[in-house]
Amino acid sequence: MYDLNKLPVAVIGAGPVGLATAAHLLSRGMEPLVFERGSTIGATVAEWAHVRVFSPWEYNVDSAARRLLEAGGWTMPDPDHLPTGRELIADYLAPLAAHPNVAPHLRLGATVTGVTRQGHSKLSSIGRDEAPFIVLWTDASGNWNRTMARAVIDASGTWVMPNPIGVDGLPVEGEIEAKDRIAYGIPDVLEAERSGHAGLHTLVIGAGHSAINAALDLMELQDQAPGTHITWGTRSGGIERILGGGLADELPGRGRLGLRAAEAVRSGCVTFRSPFVVDAIVRTGDTLSVLGTENDRPVHFEVDRIVVATGFRPDLSILSELRLSLDPVVEATPALAPLIDPNLHSCGTVRPHGVVELTQPEKDFYIVGMKSYGRAPTFLMTTGYEQVRSVVAELAGDPIAAREVRLKLPETGVCKVSSAPSASACCAPAPADAGCCGGAPKADASACCADDERAKTKGESGCGCGTKNASELTA
């Protein structure tokens, strides 16, 4: 028999939520062992390093991690600033990973391939809860390792499992064959992937924040490289789907991201198709013929590249020997699923939750962070921080703290937007006075518009404008 309390808690993933888990474990006197597939910290974040998140620093730093860092002289970034993924790594994740209390517990280049109970397959019950976990993983040299743990917290995210183009959850005809012309997620079209999009025609598919970011980056590229053409297709919802909470959103970056996108669509910068579904892709050389339906009518057009931003799904293959209870639709725990299932509600806000909603039949195993949401798209980083605070408190034998609610999530400002005008495939330009002083700000959540942001950057009080056109953008 093993003394489980002397074993580490295995944490899969060293992104924001994984490192926050390590900080909370250390604060409770427990030993973390963090497995990160990348050779550097935050490998997933590094893949979208160019993207500016819509939540300001105020919501991006975990409380236990902040206490640990500030004790060593670290200074919290401007709480109103909207960081890029690159800034998130440089100004927060890298210092946290390098902290002398955290660094010894990290295993970089470590790919977890399986988790089980020592001596127990999924079928074996007797003595199961008393057996340590076994984490099977390969190191950077390709060597296989088996590590024992008292508990396992999976914070590996969903980034490596993007959804395909098909509305049925499968690749459409020709998608796999054209994979070298298709990007999933948010490609860096302004720098690393610029040559593949400048002066060419790109189709963006999706209506969430990933799609909005991809489309806005392409619009910026369009300004720099004449001849760049953009088609943006959403499966449903029209322009109101991308508008989101607008100025009523308590995360200004999130609301203004939707406003910027809607304003750009109305300006005619992009060809907007909705509702639009791709049925097949036919490749001829470097050209992709897209066959689909728009408003239930067949459409056919040619593009050079496709960006697929239709969400992600969890990779559950490494957990096949554990006893899990997952909602058959969302693939989150049955207690969490009704709170986040987009079929049941359209609000982006989910009440704070923790160990109660995340508990699995497999004792002391938890899925946290983006992966805990399964296929649902409404996750916020700060939600993951509250999850791990609660889970770690439970593992530490503090059920009262584990069940406290210590987080107030920002409201989206909208549940269903039905009043926004529809957009055709060729949108009419917006009125000359639409928007406010150059559009929405990019990085400062406290600024009301782009001109206000620029003025504050120069040390001025602001541009002095109001939001007189807010009703025009959201009506």
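Residues numbered from 1 in each chain as written. Predicted model: local features only at pLDDT ≥ 70, side-chain atom pairs only at ≥ 80, totals over all residues. Heavy atoms only, no water.

Caption draft 1: Structural detail: the pattern of salt bridges. Inspection of the entire model under this criterion finds 15 salt bridges. Here arginine 283 ties to aspartate 180 by a salt bridge, and the two come within 2.4 Å at their closest N and O atoms. Here arginine 283 is found in strand S12 (residues 276-284), whereas its partner aspartate 180 is found in the loop between strand S7 (151-154) and strand S8 (182-184), with 103 residues between them in sequence. Residue classification places arginine 283 among the partly exposed residues on the basis of a relative accessible area of 33%. Connected via shared salt-bridge partners are Asp180, Arg181, Arg283 and Asp286. (Salt bridge = Lys/Arg side-chain N within 4 Å of Asp/Glu carboxyl O. Helix = DSSP H or I, 4+ residues; strand = E, 2+ residues; numbered from the N terminus. Buried < 20%, exposed > 50% of the residue type's maximum accessible area, 1.4 Å probe, protein only.)

Caption draft 2: Region of interest: the sheet that holds strand S15 (residues 305-308). Reading across from one edge, S8-S15-S9-S10-S11 is the order of the five strands in this open sheet, with parallel pairing throughout. Where the open sheet ends on each side, the last strands, each with one partner, are S8 and strand S11 (271-273). Across this sheet, the average inter-strand angle for adjacent strands is 20 degrees, counted without regard to direction. Relative to strand S10 (residues 229-233), strand S9 (residues 201-205) runs parallel, the two sharing five bridges. Within the sheet, the bridge partner assigned to isoleucine 205 lies in S10 and is glycine 233. (Pairing = 2+ DSSP bridges. Axes fitted to C-alpha atoms, helices over the stretch in contact; angles between N-to-C directions.)

Caption draft 3: Inspection of the pairing of S7 at higher detail. What you see with S7 is no split at all: Ala151 and Ile153 on one side and Val152 and Asp154 on the other are buried throughout. Pairing analysis gives four bridges linking strand S1 (residues 9-12) to S7, with the strands arranged parallel. What sits directly across from valine 9, in S7, is alanine 151. By the bridge criterion, three bridges tie S7 to strand S16 (residues 365-367) in an arrangement that is parallel. Each bridged residue has a counterpart across the sheet, and for valine 152 the counterpart in S16 is phenylalanine 365.

Caption draft 4: Representation of the packing of helix H3 (residues 63-70) against helix H4 (residues 85-98). Where H3 contacts H4, the axes come no closer than 10 Å and their chain directions differ by 70 degrees. One finds that H3 runs roughly perpendicular with respect to H4. Touching Ala65, Leu68 and Leu69 of H3 are Tyr92, Pro95 and Leu96, all from H4. In terms of residue class, the contact of H3 with H4 is built from six nonpolar, no polar and no charged. (Parallel < 35°, antiparallel > 145°, perpendicular 65-115°, else oblique. Contact = heavy atoms within 4.5 Å. Nonpolar A, V, L, I, M, F, W, Y, C, P; charged D, E, K, R; others polar.)

Caption draft 5: Main features of helix H1 (residues 16-27). Taking 1.5 Å of rise per residue, twelve residues should cover 16 Å, and H1 covers 17 Å from first to last C-alpha, within 8% of that figure. When H1 is considered as a whole, its buried residues turn out to be Pro16, Val17, Gly18, Leu19, Ala20, Thr21, Ala22, Ala23, His24 and Leu25. Positive phi appears at glycine 29, one or two residues downstream of H1, with a value of about 80 degrees. (Expected span 1.5 Å × (residues − 1).)

Caption draft 6: Molecular detail of the packing of H1 against helix H10 (residues 381-395). Where H1 meets H10, the axes come as close as 9 Å, and the angle between the chain directions of the two elements is 30 degrees. Judged on the interaxial angle alone, H10 and H1 are roughly parallel. The interaxial crossing formed by H1 with H10 has right-handed handedness. Residues Pro16, Val17, Ala20, Thr21, His24 and Leu25 of H1 touch H10, and the partners they reach there are Met381, Gly384, Tyr385, Val388, Arg389 and Val392. Looking at the contact of H1 with H10 residue by residue, the classes come out as eight nonpolar, three polar and one charged. (Left-handed = near helix turned anticlockwise from the far one by under 90°.)

Caption draft 7: Fine view of the side chain of aspartate 188. With respect to the helices and strands, the residue aspartate 188 is situated in the loop between S8 and S9. Arginine 86 provides the closest opposite charge to the buried, salt-bridge-free aspartate 188, at an N-O distance of 4.9 Å. In this structure the side chain of aspartate 188 is engaged in a polar contact, spanning 3.3 Å, whose partner is the backbone nitrogen of glutamate 191. Apart from the residues within four sequence positions on either side, aspartate 188 is in contact with His50, Glu193 and Arg194. (Lys, Arg positive; Asp, Glu negative; His and termini not counted. Polar contact = N/O pair within 3.5 Å; in protein donor to acceptor, adjacent residues only side chain to side chain.)

Caption draft 8: How the structure looks around H4. In the structure, H4 departs most strongly from a straight axis at tyrosine 92, where the bend amounts to approximately 35 degrees and where the proline proline 95 lies between one and four residues downstream. Among the residues of H4, Gly85, Leu88, Ile89, Tyr92, Leu93, Leu96 and Ala97 are the ones counted as buried. Buried positions along H4 lie against H1, helix H2 (43-47), H3, strand S3 (106-108) and H10. (Bend = angle between axes of the 7 residues up to and from the residue.)

Caption draft 9: A look at the confidence of the model for the protein. A residue-level look at the protein finds 80% of positions with pLDDT of 70 or above and a mean pLDDT of 85. A low-confidence stretch, residues 245-252 (pLDDT under 50), is modelled with 30 contacts involving residues beyond four sequence positions or located in other chains. Counting interchain partners and residues more than four positions distant, the pLDDT-below-50 stretch residues 466-475 has 22 contacts. (pLDDT = per-residue confidence, 0-100.)

Caption draft 10: View of unusual backbone geometry. Residue proline 275 follows serine 274 across a cis peptide bond; omega there is -5 degrees. Of note, proline 275 is situated in the loop between S11 and S12. Not every positive phi belongs to a glycine, and aspartate 296 is a case in point at roughly 65 degrees. Tracing the backbone through its elements, the reader meets aspartate 296 in the loop between strand S13 (287-294) and strand S14 (297-303). For aspartate 296, a relative accessible area of 77% corresponds to the exposed category. Phi angles above zero are rare outside glycine, and aspartate 364 is one such case at about 65 degrees. Its location among the elements puts aspartate 364 in the loop between helix H9 (355-358) and S16. Taking relative accessible area as the criterion, aspartate 364 reaches 16% and is therefore assigned buried.

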